[in-house]
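# Geometric and topological summary
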Amino acid sequence: MTASHILLLIGGYFILLLLISYFTGKNDSNTDFFRAGKQSPWYLVAFGMIGASLSGVTFISVPGWVESSEFSYMQVVFGYLAGYFVIAFVLLPIYYRLNVTSIYEYLQGRFGLVSYKVGAVSFFISRVLGASFRLFLVAIVLQQFVFDSWNVPFELTVVLSVLLIWIYTFRGGIKTIVWTDTLQTLFMLVSVGLSIYFINDKLGWTFTEFMGSDELKEYSKVFFTEDFYSKTHFIKSFLGGMFITICMTGLDQDMMQKNLTCKNLGDAQKNMVSFSLILVVVNFVFLLLGALLFIYADKFAVATPLMDGTPKSDLLFPEIALNSGLGITVAITFMLGLIAAAYSSADSALTSLTTSFCIDFLNIEKKPNTDQIKIRKTTHVWMSVLLIIVVILFKYVLDRNVIDGLLTVATYTYGPLLGLFAFGIFTNHQIKDRYVWIVALASVLLVLGIAKIPSDFIGGYTIGYELLPINGIITFIGLYAIREKD
């Protein structure tokens, strides 16, 4: 599949998204942009959230992680499942009862203005970094397999990627995203299914034979309970996954904004529960795909592609799909799946950043009606520029598997949110609101220090994703220390 063919495919795909945007964005109101008029069918939101949750990171990085970590990621996924149930039955009732547009409005009512701003800033930093991770992944794939052959610089690739997202989201916002996410999830799941089928066919296996093969057994260990000091130990992975989900979904404006477009709490809970169960199965399929890729690469001597002279396992899937002779069908379905997976999370991230900045920082709802749409559109442009800058910076600073990097960043940036919401929900204390920013900053700095402790200093113990609940606990203790005396 040539670079020109890939570019034509991307062009056709975005024409389809623009058509959806045209029909869903006719109203061009802030109510539709921020909340989709609270009329989204729950099953549509649930299906679309699969793609938004997985993103291009899962589509490429999870399969690429299998060689070094086997199926240990499933331990994190089981933690995700527990976290989704906490969201459905603890957090969603609060958001619907308060009828919020930005979920961080809860913190203002519970504690005060400073807490509200600290929560919003924590989300803003988290989502900018998270969205940039995802966009970076699709940008390096497009660069390696399309634009390098035309000597287009990486920076221009990033600008074009973000520009395309801006074009189809600037009018309809979250109302457009609910529908485009559904289409993108469908493309992504079909792509993975067809890739597994065709790679098995090339290896001379049926799917049943693959599942029973000795080659798969080399990669398919799920539970790691032997060494508690290891980063992949089950308890650490499960708890880390649970808290990552509570924070990166339940305390995240991006993911919750979709849920809040449902008609009522019952529909939102049905959406969350059904989506979380399907997500477990889908993640397992991605790990199967990862094992299959490495088996195929070993049999047909496909080398892991290099990026800046270093092997990059994230690029193995595109290398096999596009350049190893599997045929045009696999190439087309891979590119559609990649584009869908990457943009299904990036577009909603851009929309949620615009929403959060307008509501939480610009107080757009208090501005004159004649100015509100103009403010929203201007903010949407500047959020796009910000994402472009951060993605370009990642090219020069990122030195790890993308999903590992994404989850590591989450342990720092979401900790204050976890502590604030936990303290608000599970205690009746009021706090000295003006000191909250000091507590949040101190918590992040302490966790950064803990993460730097060499494992030799703590008996060989390797610190992993449990840093997130530790961050939340430190914030919680700090908030208790600045509580108002009864």
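### Description of the overall build of the protein chain
When you go through the protein chain residue by residue, the secondary structure sums to 20 helices and 2 strands. Per-residue burial over the protein chain gives 59% buried out of 486 residues. Per element, the accessible surface of the protein chain, about 18,900 Å² overall, is 65% carbon and sulfur.

### A closer look at the nonpolar core
Core analysis: the biggest nonpolar cluster contains 140 residues, and Phe59, Tyr95, Ile199, Met272, Ile320, Phe334 and Met335 have the highest contact counts within it. Discounting chain neighbours no more than four positions away, the residues touching isoleucine 199 are Leu289, Leu292, Leu293, Tyr296, Ile320 and Leu326.

### Topic: the packing of aromatic side chains
Overall, the coordinates contain 24 aromatic pairs when judged by the stated rule. Ring centres of phenylalanine 223 and phenylalanine 234 lie 5.7 Å apart, and the angle between their planes is 65 degrees; this geometry places the pair in the edge-to-face category. Of the two residues, phenylalanine 223 is situated in the loop between helix H10 (214–217) and helix H11 (234–250) and phenylalanine 234 in helix H11; the sequence distance between them amounts to 11 residues. Assessed through its relative accessible area of 45%, phenylalanine 223 is described here as partly exposed. Given a relative accessible area of 24%, phenylalanine 234 falls into the partly exposed group.

### Observations concerning helix H19 (residues 436–451)
Since one α-helical turn is 3.6 residues long, residues separated by three or four positions face the same way. Between its first and last C-alpha atoms H19 spans 23 Å; for 16 residues at 1.5 Å apiece the expected length is 22 Å, and the two agree. Residues of H19 that are buried include every one of Val436, Val439, Ala440, Ser443 and Val447, and no others. For H19, the angular spread of the buried residues around the axis is 100 degrees, confining them to a single face.

### Let's talk about the packing of helix H6 (residues 113–145) against H19
Look at H6 against H19: their axes get within 8 Å of each other, and the N-to-C directions meet at 30 degrees. The orientation of H6 with respect to H19, classified from their angle, is roughly parallel. Each of Val114, Ser115 and Val118 in H6 lies in contact with H19, whose residues at this interface are Val436, Trp437 and Ala440.

### A closer look at the environment of leucine 417
Looking at the secondary structure, you find leucine 417 in helix H18 (residues 415–426). Relative accessible area serves as the criterion here: at 0%, leucine 417 is assigned to the buried category. When the C-alpha atoms of leucine 417 and tyrosine 104 are compared, they prove to be 9.3 Å apart, with 313 residues separating the residues in sequence. Those residues in contact with leucine 417 that sit more than four places away from it in its chain are Tyr104, Gly119, Ser122, Phe123 and Leu251.

### Brief notes about the packing of H18 against helix H20 (residues 467–481)
Two numbers describe a pair of packed helices, the interaxial angle and the distance between the axes. Orientation of H18 relative to H20, taken along the N-to-C sense of each, is 50 degrees, at an axis distance of 7 Å. Considering the angle they form, H18 stands oblique to H20. As H18 packs across H20, the resulting crossing turns out to be right-handed. Across the interface between the two elements, Gly415, Pro416, Leu418, Gly419, Leu420, Ala422 and Phe423 from H18 touch Leu468, Pro469, Asn471, Gly472, Thr475, Phe476, Leu479 and Tyr480 from H20. Across the contact of H18 with H20, the residue classes tally to 10 nonpolar, 5 polar and no charged.

### A few points about unusual backbone geometry
Of note, the phi angle at asparagine 99 is positive, near 55 degrees, even though the residue is not glycine. Position of asparagine 99 relative to the elements: it lies in the loop between helix H4 (73–98) and helix H5 (105–110). One non-glycine residue, asparagine 363, lies in positive phi territory at about 50 degrees. As for its position among the elements, asparagine 363 is in the loop between helix H15 (328–361) and helix H16 (369–397). Classification of asparagine 363 by relative accessible area gives partly exposed; the value is 32%.

### What about the pattern of salt bridges?
Oppositely charged side chains can pair when the atoms bearing their charge come close. Inspection of every chain in the model, using the stated rule, returns 4 salt bridges. A salt bridge links arginine 127 to aspartate 252; the nearest nitrogen and oxygen atoms lie 2.6 Å apart. Residue arginine 127 is located in helix H6, and its partner aspartate 252 is located in the loop between H11 and helix H12 (253–259); the two are separated by 125 residues in the primary sequence. As a salt-bridge pair, aspartate 214 and lysine 217 come within 3.8 Å of each other at their nearest N and O atoms. Here the residue aspartate 214 and the residue lysine 217 both occupy positions in helix H10, the gap between them amounting to 3 residues, near one helical turn. Grouping residues by exposure puts aspartate 214 and lysine 217 together as exposed.

### Focus: a nonpolar patch on the surface
Nonpolar side chains collect at one region of the surface, where Leu18, Leu156, Val159, Leu160, Leu163 and Ile167 lie side by side and expose about 430 Å² of accessible area between them. Among the elements that make up the nonpolar patch, the one with the highest residue count is helix H7 (residues 154–169) (5 residues). Mapped onto the elements, leucine 160 comes out in helix H7.

What counts as what
Residues numbered from 1 in each chain as written. Predicted model: local features only at pLDDT ≥ 70, side-chain atom pairs only at ≥ 80, totals over all residues. Heavy atoms only, no water. Helix = DSSP H or I, 4+ residues; strand = E, 2+ residues; numbered from the N terminus. Buried < 20%, exposed > 50% of the residue type's maximum accessible area, 1.4 Å probe, protein only. Areas by Shrake-Rupley, 256 points an atom, 1.4 Å probe, with all protein chains shown as cover. Core = buried A, V, L, I, M, F, W, Y, C linked by side-chain atoms within 4.5 Å. Contact = heavy atoms within 4.5 Å. Phe/Tyr/Trp six-rings, centres within 6.5 Å; stacked < 30°, edge-to-face > 60°. Expected span 1.5 Å × (residues − 1). Arc of directions from axis to C-beta. Axes fitted to C-alpha atoms, helices over the stretch in contact; angles between N-to-C directions. Parallel < 35°, antiparallel > 145°, perpendicular 65-115°, else oblique. Left-handed = near helix turned anticlockwise from the far one by under 90°. Nonpolar A, V, L, I, M, F, W, Y, C, P; charged D, E, K, R; others polar. Salt bridge = Lys/Arg side-chain N within 4 Å of Asp/Glu carboxyl O. Patch = residues over 30% accessible without salt bridge, like charges linked within 9 Å, V, L, I, M, F, W, Y side chains within 5 Å.

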